[in-house]
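Spelled out from the first residue to the last, the chains are:
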Amino acid sequence: MDENQTLDHDRIMKINIEEEMKSSYIDYSMSVIVARALPDVRDGFKPVHRRILYGMLGIGNTSDKPYKKCARVVGEVLGKYHPHGDSSVYGALVRMGQEWNMRYTLIDGQGNFGSVDGDSPAAMRYTECRLSKMGEHIMDDLDKETVDMMNNFDDTLQEPSVMPTKIPNLLVNGGNGIAVGMATNIPTHNLSEVIDGCCAYIDNPDIDTEGLMKYIPAPDFPTGATIYGIQGVKDAYETGRGRIVVRATAEIESGDAHDKIVITEIPYGVNKEQLVMAIADLAKEGRVDGIANVNDESGRQGMRIVVDVKREANANVLLNKLFKLTALQSSFSVNCIALVKGRPRLLTLKECVKYFVEHRHDVTIRRTQYELKKAQERAHILEGLIIACDNIDEVVHIIRASKTPSDAQRNLEKRFELDEIQSKAIVDMRLSQLTGLRLEQLHNEFDELMKTIDYLNQILNDPELCKKVMKDELNEVKDKYGDARRTMIKPDDHEFNPEDFYPNDPVVITVSHLGYIKRTPLSEFREQARGGVGAKGARTRDKDFTEFIYPATMHQTMLFFTKKGRCYWLKCYEIPEGDRNSKGRAIQNLLNIESDDQVNAFLRLRGLNDAEFINNHYVVFATKNGTVKKTCLEAYSRPRANGVIAINIVEGDEVVDVRLTNGHNELILANRNGRAVRFDENQIRTMGRTSTGVRGMRLDEGDDALIGMIVVNDPEHETVMVVSEQGYGKRSDVIDYRVTNRGGKGVKTLNITEKTGRLVAIKNVTDDNDLMIINQSGIVIRLAVADCRVMGRATQGVRLINLTKKNDVIASVCKVMSSELEASVEEESRSAWAKKSEEIENDNVGAKTAEEAAEAEAHLDNEATESEDNTDTGNVDFE
């Protein structure tokens, strides 16, 4: 090995690649955190913003001077202080001049600085800028040694490490940034409120967050809008993290033709153009009904987005849907991270105020010390000048007798016991200062300086006076720049409860065989006489048909149970609305259901917040193989987006029916072959949510299966209605079914023949109920249960619906409560409609006159569903 190879080998260092990567990445991340991405808690600036303002001050680009090209400023900043991309510097400069981003702009821009629609600003060669008045106040006293200066990137210039701001900029203008492994997102606030909070902290450093919130109640966004709910604000102020819900400001204007929703303020950070497009897309896609048109009419007078509401639509309901589906309601996720002494920290509101006040105290002390030093230096010179003026003849003689100015200074110092500074000032003194007026001015200036020195010493020695100076300066800024709050606050959560926007009207929830769901006003289904052929139901896809139909009210909660044993939750108003002929929307688009699963059982509840109710009621499951399981409702009272396991289903089995009980009910199970078993629910022990259950009914060999379950509340007044697949049905007394133990084969409930077909449904009904029957071809009929007489348990029954299509069978049966008023209105005309039912097309059979329909529907809203029996088919309503 030669000498050169030996030297090269000696220069090679072996290192651990893992340790080197860790070390290098930590160095990089800290550089990003400290020098680029996070603001300083004291002045609220990132380095780029601080350098832009300092650079503009350096070239005299102040508010009282003409505008300068932004390219000139960017070049100044790049060349002297911030050696990064020009686009990043220009982007930061532009943002400080955008009124919709900054609560108080620090730069006065001229030209195209972008827009709230998301338009980009013009190139920096076209736009101009200068400091705003507030931007200048950020740098007040910068020349008085109030902050530390540091070298720039090439050590040729000095730049401030922090601004001596009188404005609590971190809170006032907020900020956001993404570093390595952390991010910050701080909302904007009202200057007057923040300064009041700072003054309150100065007076009482022990003030808590609740006390500060009396002065700083919530963020104040430059775009206005309304903050809903104060809890998110409290969380953010107390912990540094929180979620603040912000809603647009919108009003409903009533017109002769239709209503209008007029939006005048939008949440902070929302792109107006994208918002308008999103509303238009919702209307085009049919996700929101009732929108006729949407226009952006914003101009010099301010923002104005107009949504035209269709004549038949409810503007309040539509507005609530827009809040839910668009950025009209947004959340601001607060993550208050800033640099404290060069280290990133998660800060509470009090800590933000505390560090700013400490910074102001430090600036005030350093400024006072600087001013005291300058005052003492000037007083020292004035002392010498006054001595010289009092002895002017001798001073003149000494100066004239000296050969050089240096000799004159030394001679004066020796004669009058002066120092070099004083003697130099005397030698440099002009003859004009020897006039009587100038002599008097020297004495007056000296007296004023002595008062100033005393005052400055008091500030340094008296903490209370120092606090007063700080408060006076803050209040001066408040008086000059403070303004009214723009963002309204609605502290009570109930004020934006979605239920407030939906009338609690009765509806019918329908689900097709392929899983399409919708809600339809109950009044769209009109009562017919027994034996009618029905009205056309939903337009479904090929090989699809409406399989399940359940009554409910808008405010109720629907629990969805799948055949594989999972439970999901939806409010009824969250289910898409559709008329009787519409297809609905796929349940998979509303719930996170697995592709090989489907919903086939439902419960309707008033609410899940009543602890007594959910702990005293039970969910009873029945499966196709005859298994039953009982679990306390409380186990299903905590909704989750992905659902929960409701029952453990064994292979080959599936959930058929789900019922809600009060713990003391009787259950009746029925199978396809026309048998039923009745037993007390107490024979089923209460089990956990994930258990399998016990045998409820013994089935026949072959393709037999359980088809339904009913809950018996009142055996004396309730009757059992069974319906077969060929449209036959009958009512029997509950007492005809003797009480046995669970697990038996049961007794005959319908005489199954080829004409009737096998059993498809079992319901418990009274004379006050109506039946709604749907067959696989989509035909719907509503008939009064009272028209069906009570007959023996083992009889064949009567025809309930004529199946006009070949191979058509009954798909689903549901009971609803009839309206007494509707019955009285239609009593005389019912028989006439029955006669005409065979003469008129199926789509029009059962239609009432407009006057009758309107009167009946008006009362249906108040009476139809609210008075339903508590043991309604699959949807128990405990009022």
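Shown above is the structure to which this text applies.
Residues numbered from 1 in each chain as written. Predicted model: local features only at pLDDT ≥ 70, side-chain atom pairs only at ≥ 80, totals over all residues. Heavy atoms only, no water.

Draft legend 1. Looking closely at the pattern of salt bridges. A full pass over the atoms with the stated rule returns 44 salt bridges. We note a salt bridge from aspartate 108 to arginine 130, for which the minimum N-O separation is 3.1 Å. Of this pair, aspartate 108 sits in strand S2 (residues 107–110) while arginine 130 is found in strand S3 (residues 128–131), placing the two residues 22 residues apart along the sequence. With a relative accessible area of 26%, aspartate 108 lands in the partly exposed category. Exposure remark for arginine 130: the relative accessible area of 18% places this residue in the buried category. Put simply, glutamate 193 and arginine 485 hold a salt bridge, and the shortest N to O gap is 2.8 Å. You can see glutamate 193 sitting in helix H8 (residues 191–203) and its partner arginine 485 sitting in the loop between helix H18 (463–481) and strand S17 (488–490), a full 292 residues away along the chain. Within the structure, one salt-bridge network assembled from shared partners comprises Asp141, Lys144, Arg360, Arg367, Glu371 and Glu473. (Salt bridge = Lys/Arg side-chain N within 4 Å of Asp/Glu carboxyl O. Helix = DSSP H or I, 4+ residues; strand = E, 2+ residues; numbered from the N terminus. Buried < 20%, exposed > 50% of the residue type's maximum accessible area, 1.4 Å probe, protein only.)

Draft legend 2. Inspection of the environment of leucine 157 at higher detail. Looking at where leucine 157 falls in the secondary structure, it is placed in the loop between strand S4 (149–151) and strand S5 (158–160). Setting aside residues up to four positions removed in sequence, leucine 157 forms contacts with Lys80, Tyr81, Met150, Asn151 and Asn152. (Contact = heavy atoms within 4.5 Å.)

Draft legend 3. Main features of the sheet that holds strand S40 (residues 798–799). With respect to topology, four strands assemble into an open sheet ordered S37-S34-S35-S40, the strand pairing being antiparallel. Only two strands of the sheet have a single partner each, and these edge strands are strand S37 (759–765) and S40. (Pairing = 2+ DSSP bridges.)

Draft legend 4. Highlighting the packing of helix H15 (residues 405–416) against helix H16 (residues 420–428). Here H15 crosses H16 at 120°, and the two axes come no closer than 9 Å. Between H15 and H16, the angle is such that the two are oblique. The interaxial crossing formed by H15 with H16 has right-handed handedness. Contacts from Pro405, Ala408, Gln409, Leu412 and Glu413 in H15 reach Glu420, Ser423, Lys424, Ile426 and Val427 in H16. Of the residues that constitute the contact of H15 with H16, the class distribution is five nonpolar, two polar and three charged. (Axes fitted to C-alpha atoms, helices over the stretch in contact; angles between N-to-C directions. Parallel < 35°, antiparallel > 145°, perpendicular 65-115°, else oblique. Left-handed = near helix turned anticlockwise from the far one by under 90°. Nonpolar A, V, L, I, M, F, W, Y, C, P; charged D, E, K, R; others polar.)

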